[in-house]
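Chain residues, written in single-letter form:
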Amino acid sequence: MSGYLRDSQLRRQLEEKSKEITRTRQAAEEGLKAAQDLIEAARRADANVVEAEKVLAEATAAMGDKDYRVAAEKAAEAKERGTRIYRDRAAAMIESSAGLTSLAKGVGADVAEAETALGKARDALTEENLSEAVEFARKAWRRSEKVLSEHLSSSFSKVQALILSAKNLGRDVAAVEDLLSSARPAVEGNNFDSALEDT
């Protein structure tokens, strides 16, 4: 009878150990998937995710070695690093978009739509909704970029008309033409500060 009890206890212990391994493996798989998704989202926002990818590779290697506890720990670390990188990238995008919006506002453009998008981006960042923060920062950037491009196009046309008028009056316009020709690559390269200065 004691042999039967011992076998029964051993069987229960093995079942418990098997269930524990299964739970740990599932937690590691879920953690790995969450980390991969987050790092991929950060990559789509043009973030440098090398630091997080290194830890993710360690988690993947631990999964391959069936060391699920280490895999889960490394996956959590990769997700944490990825989140920090993604948050920093979203904040940088918001700041860049705010700078461009400020530049557009400085030339008298209507930037209400861009400012609204920036407000939503900042709110989303505060709420840790990073994908939404990135989306609204991009929207603000695109709107400000469009407004500045329109302003610069109009300025180019006016300057070209003035140059033509000055040429017709026999004036030397070489210096102005040089400035205008240096502004064109600045506009094409989205260097709006320099383009505005030159026009």
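So, how was this worked out
- Residues numbered from 1 in each chain as written.
- Predicted model: local features only at pLDDT ≥ 70, side-chain atom pairs only at ≥ 80, totals over all residues.
- Heavy atoms only, no water.
- Helix = DSSP H or I, 4+ residues; strand = E, 2+ residues; numbered from the N terminus.
- Rg over C-alpha atoms; globule rule 2.2 N^0.38 Å.
- Axes fitted to C-alpha atoms, helices over the stretch in contact; angles between N-to-C directions.
- Parallel < 35°, antiparallel > 145°, perpendicular 65-115°, else oblique.
- Left-handed = near helix turned anticlockwise from the far one by under 90°.
- Contact = heavy atoms within 4.5 Å.
- Nonpolar A, V, L, I, M, F, W, Y, C, P; charged D, E, K, R; others polar.
- Buried < 20%, exposed > 50% of the residue type's maximum accessible area, 1.4 Å probe, protein only.
- pLDDT = per-residue confidence, 0-100.

Draft legend 1. Representation of the overall build of the chain. When you go through the chain residue by residue, the secondary structure sums to seven helices and zero strands. The N-to-C order of helical and strand elements in the chain reads α-α-α-α-α-α-α. Taking 2.2 N^0.38 as the reference for a compact globule, 199 residues should give roughly 16 Å; the C-alpha atoms of the chain span a radius of gyration of 29 Å, well beyond that estimate. Across its three principal axes, the chain shows a C-alpha extent of roughly 120 × 30 × 15 Å.

Draft legend 2. Geometry of the packing of helix H4 (residues 112-126) against helix H5 (residues 130-168). H5 packs onto H4 with a crossing angle of 165° between their chain directions and a minimal axis gap of 8 Å. The angle between H4 and H5 falls in the class roughly antiparallel. Here the hand of the crossing between H4 and H5 comes out left-handed. Within the contact between the two elements, H4 uses Glu 113, Ala 114, Ala 117, Leu 118, Lys 120, Ala 121, Ala 124 and Leu 125 and H5 uses Leu 130, Glu 132, Ala 133, Phe 136, Ala 137, Lys 139, Ala 140, Arg 143 and Ser 144. Class assignment of the residues belonging to the contact of H4 with H5 gives a composition of 11 nonpolar, one polar and five charged.

Draft legend 3. Local environment of the side chain of Ser 144. For Ser 144, the position within the fold is in helix H5. In this view, Ser 144 contacts Leu 100, Thr 101, Ala 104 and Ala 114; residues no more than four positions away in its chain are not counted.

Draft legend 4. Structural detail: unusual backbone geometry. Its identity as a non-glycine residue notwithstanding, Asp 46 has a phi of 65°, on the positive side. Along the polypeptide, Asp 46 turns up in the loop between helix H1 (2-44) and helix H2 (50-64). Although it is not a glycine, Glu 128 sits at a positive phi angle of roughly 65°. Along the chain, the position of Glu 128 falls in the loop between H4 and H5. When its relative accessible area of 41% is taken as the criterion, Glu 128 is described as partly exposed.

Draft legend 5. Region of the structure containing the confidence of the model for the chain. Summing up the model confidence of the chain, the mean pLDDT is 88 and the portion of residues at 70 or higher is 91%. Mean pLDDT values for the elements of the chain range from 61 in helix H7 (residues 192-198) up to 96 in H4.

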